[in-house]
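A structural walkthrough
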Amino acid sequence: MKIIISPAKKMNVDTDTYRVEGLPVFLEDTKILMKEIQKLGFSNAQSLWKCNDKLAELNYFRFKEMELERNLTPAVLTYEGLQYQHMAPEVFSEGALTYIQKNLRILSGFYGVLKPFDGVTPYRLEMQAKLSVHGKKDLYDFWGDRLYRELTDGDHLILNLASREYAKAVEKYLTPEDRFITVEFGERKDGKVKQKATLAKMARGEMVRFMAENNIQDPEEIKCFQELGFVYEKSLSDEKKFVFITG
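What this report covers is the structure whose coordinates are included nearby. (Residues numbered from 1 in each chain as written. Predicted model: local features only at pLDDT ≥ 70, side-chain atom pairs only at ≥ 80, totals over all residues. Heavy atoms only, no water.)

Before going further, it helps to examine the pattern of salt bridges. Taken as a whole and judged by the stated rule, the model has 15 salt bridges. Residue Glu-28 pairs with Lys-31 through a salt bridge whose shortest N-O separation is 3.1 Å. A residue pair is termed a helical-turn pair when its members lie 3 or 4 positions apart in one helix, as Glu-28 and Lys-31 do in helix 1 (residues 27-38) at three residues. The class for Lys-31 is partly exposed, based on a relative accessible area of 22%. Taking the shortest distance from any N to any O, the salt bridge between Lys-31 and Glu-69 comes out at 3.2 Å. Of this pair, Lys-31 sits in helix 1 while Glu-69 sits in the loop between helix 3 (53-64) and strand 2 (73-74), and the two are 38 residues apart along the sequence. If you follow the salt bridges from partner to partner, you end up with Glu-28, Lys-31 and Glu-69 in one network. (Salt bridge = Lys/Arg side-chain N within 4 Å of Asp/Glu carboxyl O. Helix = DSSP H or I, 4+ residues; strand = E, 2+ residues; numbered from the N terminus. Buried < 20%, exposed > 50% of the residue type's maximum accessible area, 1.4 Å probe, protein only.)

Written as structure tokens, this is what we have:
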């Protein structure tokens, strides 16, 4: 089983907590993207990133000085978003760390697919960014079916904890041989179920931690998940979608 999650925009450097165990599988493609972004002037780079001046300056400098094989941080530690805060990999047991290295994959517009302990450097490049490279109209076109093929190499069960932006880079290439289960988190309010992005990010991180600490091998076992007040809602779920509700 492979568990897929999204990256986060905010990133840091941590070369001390855990050691890097390898380089990203698509590093040569990442070098192509890096060089393309390094060609951009500041205003075009800011337009690509869709961010304020302060963040644009930070990332423009990062790309100008970028080194892809030195001073690297394990991917699972470099992202700082809510999902990663609630996952809290820095306090995982040894068994949980082994579990995520085997089962968890982070999808990235810049790196393609990352194992948790692949060494990365801070960057900004969302999957939906309008970057045309080598005749490819955008990053979905650039990566094509390669992310899907990497994920399903010997394993055709994917548990989707990624956002729509990232999941669709894989989902469009699924075959009848694959089982792709999307996990959704919603809040019951006024008799209706609504999805809130902030709460969903928190729950995704908690779900990864739950699976890692309990060595979950069968997706049916995640129906026992009850963190943050969530419970599995059978009436809204099916074999392709597991829905968890709070409130």
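So, next bit.
Attention shifts here to the environment of Phe-225. Along the polypeptide, Phe-225 turns up in the loop between helix 10 (197-213) and strand 9 (231-232). When its relative accessible area of 0% is taken as the criterion, Phe-225 is described as buried. Apart from the residues within four sequence positions on either side, Phe-225 is in contact with Phe-185, Ala-203, Glu-206, Met-207, Phe-210, Phe-230, Val-231 and Phe-244. (Contact = heavy atoms within 4.5 Å.)

You can see Arg-204 is positioned in helix 10. For Arg-204, which is buried and forms no salt bridge, the nearest opposite charge comes from Glu-184, at a distance of 8.2 Å. Filtering out sequence-adjacent residues up to four positions away, Arg-204 remains in contact with Gln-83, Leu-161, Ala-162, Ser-163 and Phe-185. (Lys, Arg positive; Asp, Glu negative; His and termini not counted.)

Turning next to the nonpolar core. The tendency in soluble globular proteins is for nonpolar side chains to be buried side by side. With 78 residues, the main nonpolar core has Ile-100, Phe-110, Leu-125, Met-207 and Met-211 as its most contacted residues. Among the elements that take part in this core, helix 10 stands out by supplying six residues, more than any other. (Core = buried A, V, L, I, M, F, W, Y, C linked by side-chain atoms within 4.5 Å.)

Approximately 500 Å³ is the volume found for the largest pocket. Forming the boundary of the largest pocket are 23 residues, of which Ser-6, Pro-7, Ala-8, Lys-9 and Lys-201 lie nearest the centre. Going through the elements one at a time, helix 5 (82-87), helix 9 (164-171) and helix 10 are the ones with two or more residues in the lining of the largest pocket. Per element, the largest residue contribution to the lining of the largest pocket is four residues, and it comes from helix 10. Of the residues contributing to the lining of the largest pocket, the split by class is nine nonpolar, six polar and eight charged. Estimated volume of the second largest pocket: approximately 230 Å³. Considering the residues around the second largest pocket, the lining is formed by Glu-171, Leu-174, Thr-175, Pro-176, Asp-178, Arg-179, Phe-180, Thr-182, Glu-239 and Lys-240. For the lining of the second largest pocket, the element with the highest residue contribution is strand 7 (residues 179-189), accounting for three residues. Taken together, the residues of the lining of the second largest pocket break down into three nonpolar, two polar and five charged. (1 Å grid on protein atoms, 1.4 Å probe; cavity = no way out; pocket = protein on both sides within 12 Å on 5 of 7 lines; lining within 4 Å. Points joined across faces, edges and corners; volume = space filled by probe spheres on them. Nonpolar A, V, L, I, M, F, W, Y, C, P; charged D, E, K, R; others polar.)

Purely geometric stuff here, so don't read any function into it on its own.
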